[in-house]
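Spelled out, the chains give:
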Amino acid sequence: MIEPKQREGITLPGSSGAKGIRLIRTGAALLLFAASATTVYGQASETVRTADTKSQLSPQEQSVRRDQVYVRQLLQRGTSEAKVESVLQLSSRFTSFNPTGEFHAYAVSLIAKEKAALKQQKQTQQAGVASQAPVAAVVSDISSVPASAIALASSNPVGINSVKSSQESSRDNSTEAVTTSAPENNQAAVSNSSPAAFGGGLFLPAASTPSTGGGAAQNTSVGAGSSSKGAAGSGGPSDQHSGSGGSSDGGSNNSNTFNADQGPGPGPIGPGPGCNLFPAPPSVGAAVPLSYFGPSPSETNPSLVGPVQLLKSGTVDAAHGTITLPLYLGHMKGSKRNVWYILTDVDDPNVAAELGLNFSAKLTFASNAARTATLAADGTLVFDKGTVDFSPVRNVVPGPAGAEFPPVSFQPGAVGDADYSPFVQVTNAAGVIYNAPIVAFNVDASQINFPDGNVEYTKVHDEVVAIDPINQTVTLNLINGFSFGRPVWYLSMDASIPLSAAIEHNTFAPLMAQLHLGGDDSFSSPIERIFIGTNGAESGGCNNPQRQGLSADLADGHRPNNVLGGIPTIALDYSPAWDAQLFEWTKDAIDNGFRGQVREEFQILTFVQDGLITGPGGIPFGSSGFAINCPIVQRLD
């Protein structure tokens, strides 16, 4: 990572030497944060006590203690219970310790206990007695009880949908159906049982809805825009969707249509400067035409200014914002079901150079989150485990106008089983780790032969624009973003939590939850950071050059212009596994007109340091606890 100049005597929290050091990672730092953030949280003294005793608690107790402090602080600020639960999901490690637990029930229980504690505190204060509800009671009441023993809350009044998908694939061959305990049928369940938010440790808990038996997810949310998953048009990605002008005029009701659309959504060549990051030619404002200009400096040195295609195994269509890649066919061990996949990244530089893939040294440390495969005698991969169901109906119901994120409900359009990750370690070929996302599963070539578009998204990945299994190619939508101030295009293929997968039009990959997050460039870290705004400028939609963030995405349907960390040619720390760091502009920053489009990692970290940006809901900025698989494709400048 390139080091910027440091401010006087201050070490930037995101610099290479200090990236792994975050104030919220240790008890002492938590104490310092609490002291400096008293006006934000209003409970510095309780945070201090939490930090003082943290070392005496187990990791699970520490997690519950931290959740308790957040809930109490938010309730004291008058935050609604729904918002408290939403924000809590951004920091809680609940499902890390309770992988089969129901987060909604946990949150409801915690909120109820803290409300009771605050009520008791108020009563004692009114009586002139200075006392507080004991913290240990909450820890013992919640952390020591198995998740399965927590009483489930009543059905959600806002109609949040529950999803559970089995991976039997009995539609093609009923004799291959196996019990749910078999490795290939260990389907991860999806449940979004609160006003949804991305979240720290938010690997969403198991749903209570029974499987439909056919592998299709059930959408029970209120106001869902689409009841069945259909085919998209054959035009370019920019032709498949037309966004509205922004939430300030239309509101979330007008955004339900495109938030229920199947397929990749709009391409990166948007209708206005807020959705089109393609640089202008250097001839603009010059006295000579473009033909008089020499080649871009990047043609001499790829680290210099100018376009550079990084994923060289495919052909980029700059007019439509797509890339056409080789389509590979492998099989599942035992059942021999077809696995159609692509290759984008690898942890071996020689293999990367030979195949035109991105080299990522960090992928070496992604083995815990990788499925395994062996190289067969015919040169194909045989996968030990990890399947994907592409039949669910993607749907996102945004929040109210101006606050579309978090959405009311969501459902990803593709759901992997518990063993699915895009990362694959080939055990009999030097243990090399590839980024090999599945784009179709358990179908033959005739079922996914859409070389001219009109793709059937019940069978393929939502980012597919066209697929040609006969000629072994697949065309995928590209996404706008920035890396160190430079516009880039990348792919969005998988996410470790369902909400991210739903918004990103990609696959929920549960095994990605095993990635170690928060370490950034430290030893053994498999990730690089991606910065995602929640409440960036959205008024005017794509016509607004400052447009950015998830609320804008959910309001007009175009992508949020995320900021990526290091990519090849700029830094050495690239990884396609991006550690999501959601950020929120403070009310003071917005009121003073300071909010704008940010394009560079250290710019964001500086704004965090200056108090203009926090984590969502005012929580400390840092890892949001989930990862996205976004292979870099091209640097545009």
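Residues numbered from 1 in each chain as written. Predicted model: local features only at pLDDT ≥ 70, side-chain atom pairs only at ≥ 80, totals over all residues. Heavy atoms only, no water.

K.L.:
Would you explain the nonpolar core in this entry?
P.N.:
Nonpolar side chains tend to gather and get buried jointly when the protein is soluble and globular. By size, the foremost hydrophobic cluster in this structure holds 60 residues, and its most contacted members are L491 and L515. By residue number, the principal contributor to this core is strand β18 (residues 438–441), which donates 4 residues. Those residues in contact with L515, other than ones at most four positions away along the chain, are A366, A369, F423, P526, A577 and A627. Among the nonpolar cores identified, the runner-up in size contains 41 residues, and V396, Y574, W585 and L612 belong to it. (Core = buried A, V, L, I, M, F, W, Y, C linked by side-chain atoms within 4.5 Å. Buried < 20%, exposed > 50% of the residue type's maximum accessible area, 1.4 Å probe, protein only. Helix = DSSP H or I, 4+ residues; strand = E, 2+ residues; numbered from the N terminus. Contact = heavy atoms within 4.5 Å.)

K.L.:
Can you walk me through the environment of H505 in this structure?
P.N.:
By secondary structure assignment, the location of H505 is in the loop between α12 (498–504) and β24 (507–508). Note: C-alpha distance between H505 and E463 (42 residues apart in sequence) is 6.5 Å. In contact with H505, not counting residues within four places along its chain, are G263, P264, G265, R394, H461, D462, E463 and R559.

K.L.:
Which parts of the structure should I look at to understand the sheet that holds strand β4 (residues 315–317)?
P.N.:
Sheet strands line up and pair through hydrogen bonds in the backbone, either parallel or antiparallel. What the 4 strands build is an open sheet, ordered β4-β5-β20-β19; its pairing is antiparallel. Single-partner strands in this sheet number two, and they are β4 and β19 (464–468). The sheet shows a mean angle of 15° between the axes of neighbouring strands, direction not considered. As paired strands, β19 and strand β20 (residues 473–477) are joined by 4 bridges and run antiparallel to one another. The partner of A466 across the bridge, within β20, is T475. (Pairing = 2+ DSSP bridges. Axes fitted to C-alpha atoms, helices over the stretch in contact; angles between N-to-C directions.)

K.L.:
In this structure, what is going on with the state of the cysteines? I would like to understand it.
P.N.:
By definition, a disulfide links two cysteine residues through a covalent bond between their sulfur atoms. Applying the stated rule across the entire model yields 1 disulfide. What pairs with C275 in a disulfide is C542, and their sulfur atoms sit 1.9 Å apart. Measuring handedness by torsion sign, the sulfur bridge of C275 and C542 sits at about -80° and is left-handed. In this pair, C275 sits in the loop between α10 (256–259) and β3 (308–309) while C542 sits in the loop between β25 (528–533) and α13 (550–556), placing the two residues 267 residues apart along the sequence. (Disulfide = S-S within 2.5 Å.)

K.L.:
Just checking my understanding: could you explain the pairing of strand β21 (residues 479–483) for this structure?
P.N.:
Of all 5 residues making up β21, 5 are buried, and the element is well covered by its neighbours. Every second residue of β21 is oriented toward a common face, with I479, G481 and S483 on one face and N480 and F482 on the other, all of them buried. In terms of strand pairing, β21 meets strand β22 (residues 486–490) through 5 bridges, oriented antiparallel. Bridging across to β22, F482 finds its partner in P487. Between β21 and β22, which pair antiparallel and follow one another directly, the connecting turn spans 2 residues, one of which, F484, has a positive phi of 50°. Judged from the 3 bridges that link them, β21 and strand β26 (residues 562–564) form a sheet pairing that is parallel.

K.L.:
Looking at this structure, how should I read the sheet that holds strand β17 (residues 433–435)?
P.N.:
As summarised here, the arrangement of the 9 strands in space is β9-β8-β17-β16-β10-β11-β6-β7-β18, forming an open sheet in which the pairing is mixed. Every interior strand has two partners, whereas the edge strands, β9 (358–359) and β18, have only one. Sheet analysis places strand β8 (residues 345–346) next to β17, joined by 2 bridges and oriented antiparallel. Considered in β17, the bridge of V346 is made with Y434.

K.L.:
Hey, could you run me through the packing of aromatic side chains in this one?
P.N.:
Scanning the model with the defined rule gives 9 aromatic pairs in all. Ring geometry for F365 versus F523: centroids 5.6 Å apart, planes at 70°, classification edge-to-face. In this pair, F365 is assigned in the loop between β9 and β10 (371–375) and F523 in the loop between β24 and β25, connecting sequence segments 158 residues apart. We classify F523 as exposed; its relative accessible area is 72%. Here the aromatic rings of W585 and F607 are separated by 5.8 Å at their centres, their planes lie at 50°, and the arrangement is tilted. Taken together, the residues W585 in strand β27 (residues 577–585) and F607 in helix α15 (residues 601–609) connect sequence positions 22 residues apart. Of the residues examined, W585 reaches a relative accessible area of 2% and is grouped as buried. Residue classification places F607 among the partly exposed positions, given a relative accessible area of 22%. An aromatic cluster of at least three residues, connected via ring pairs, comprises Y328, Y341 and F383. (Phe/Tyr/Trp six-rings, centres within 6.5 Å; stacked < 30°, edge-to-face > 60°.)

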